[in-house]
Amino acid sequence: QVQLVESGGGLVQAGGSLRLSCAASGRTFSRYDMGWFRQAPGKEREFVAGIHRSGGMTSYADSVKGRFTISRDNAKSTAYLQMNSLKPEDTAVYYCAADLRTSTRAVATTMSVYDYWGQGTQVTVSS
């Protein structure tokens, strides 16, 4: 079992920044990949960013490339999503997720691959 708790969401003006955190517990953090997804009202949940368990490989949705940065601190069992130059269309509930496959060669971008999910944190960007 893995427990994931997101924090850091809030209300920000367009062009502003937020940093989301995802604190993990239950299994050795360095043994699984992490992903961030988001879901806007009336829309399907979508992949935002992912990071390999080693921290050496990342993946981003085209819509956030160059603006968002995913990172992790295995010593603190925490993943982060730094969000800069925020836009109103970034408004959504953001979820972190854990991929516990034994080994991976690429960061998964598909929801069904992820085994555990946090409860989500709301990000609202005003224009």
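Residues numbered from 1 in each chain as written. Predicted model: local features only at pLDDT ≥ 70, side-chain atom pairs only at ≥ 80, totals over all residues. Heavy atoms only, no water.

Draft legend 1. The arrangement of the overall build of the protein chain in detail. On a plain count of helices and strands, the protein chain comes out with zero helices and eleven strands. Against the compact-globule benchmark of 14 Å for 127 residues, the protein chain has a radius of gyration of 14 Å, which places it among compact chains. Viewed in the frame of its principal axes, the protein chain has a C-alpha envelope of about 45 × 25 × 25 Å. Across the 127 residues of the protein chain, 44% fall into the buried class. Of the contacts formed within the protein chain by residues at least 6 apart in sequence, a portion of 60% connects residues at least 24 apart. When the accessible surface of the protein chain is summed, it comes to about 6,400 Å², and 46% of that surface belongs to carbon and sulfur atoms. Charge centroids of the protein chain, computed over 14 positive and 10 negative side chains, lie 5 Å from each other. (Helix = DSSP H or I, 4+ residues; strand = E, 2+ residues; numbered from the N terminus. Rg over C-alpha atoms; globule rule 2.2 N^0.38 Å. Buried < 20%, exposed > 50% of the residue type's maximum accessible area, 1.4 Å probe, protein only. Contact = heavy atoms within 4.5 Å. Areas by Shrake-Rupley, 256 points an atom, 1.4 Å probe, with all protein chains shown as cover. Lys, Arg positive; Asp, Glu negative; His and termini not counted. Charge placed at Lys NZ, Arg CZ, Asp CG, Glu CD.)

Draft legend 2. Focus on the sheet that holds strand S8 (residues 78–83). Taking strand neighbours across the sheet as the criterion, the four strands line up as S1-S3-S8-S7 in an open arrangement whose pairing is antiparallel. Edge positions in the sheet fall to strand S1 (3–7) and strand S7 (68–73), since each of these pairs with one other strand and no more. If you compare each strand with its neighbour and ignore which way they point, the axes differ by 15° on average. In this structure, strand S3 (residues 18–25) lies alongside S8, joined through six bridges in antiparallel fashion. Within S8, the residue paired with alanine 23 across the bridge is threonine 78. (Pairing = 2+ DSSP bridges. Axes fitted to C-alpha atoms, helices over the stretch in contact; angles between N-to-C directions.)

Draft legend 3. Seen up close, the pairing of strand S5 (residues 46–51). When you tally the buried positions in S5, you get five out of six residues, the bulk of the element. When strand S4 (residues 33–39) meets S5, the two strands line up antiparallel, connected through five bridges. Note on S5: the bridge partner recorded for arginine 38 is glutamate 46. Hairpin remark: S4 followed by S5, antiparallel, with six residues in the connecting loop; positive phi at glycine 42, about 80°. One ladder, built from three bridges, connects S5 with strand S6 (residues 58–60); its direction is antiparallel.

Draft legend 4. Layout of the side chain of aspartate 90. With respect to the helices and strands, aspartate 90 occurs in the loop between S8 and strand S9 (92–99). Here lysine 87 takes part through its backbone nitrogen, which lies 2.8 Å from a polar atom of the side chain of aspartate 90. Those residues in contact with aspartate 90 that lie beyond four places of it in its chain are Arg38, Arg67, Phe68, Ser85, Val123 and Val125. (Polar contact = N/O pair within 3.5 Å; in protein donor to acceptor, adjacent residues only side chain to side chain.)

Draft legend 5. Representation of unusual backbone geometry in the model. Phi is positive for serine 77, which is not a glycine, with a value near 55°. Structurally, the position occupied by serine 77 is in the loop between S7 and S8. The exposure class of serine 77 is partly exposed, given its relative accessible area of 22%. In the Ramachandran plot, serine 85 falls in the positive-phi region, its phi being about 50° despite a non-glycine side chain. For serine 85, the position within the fold is in the loop between S8 and S9.

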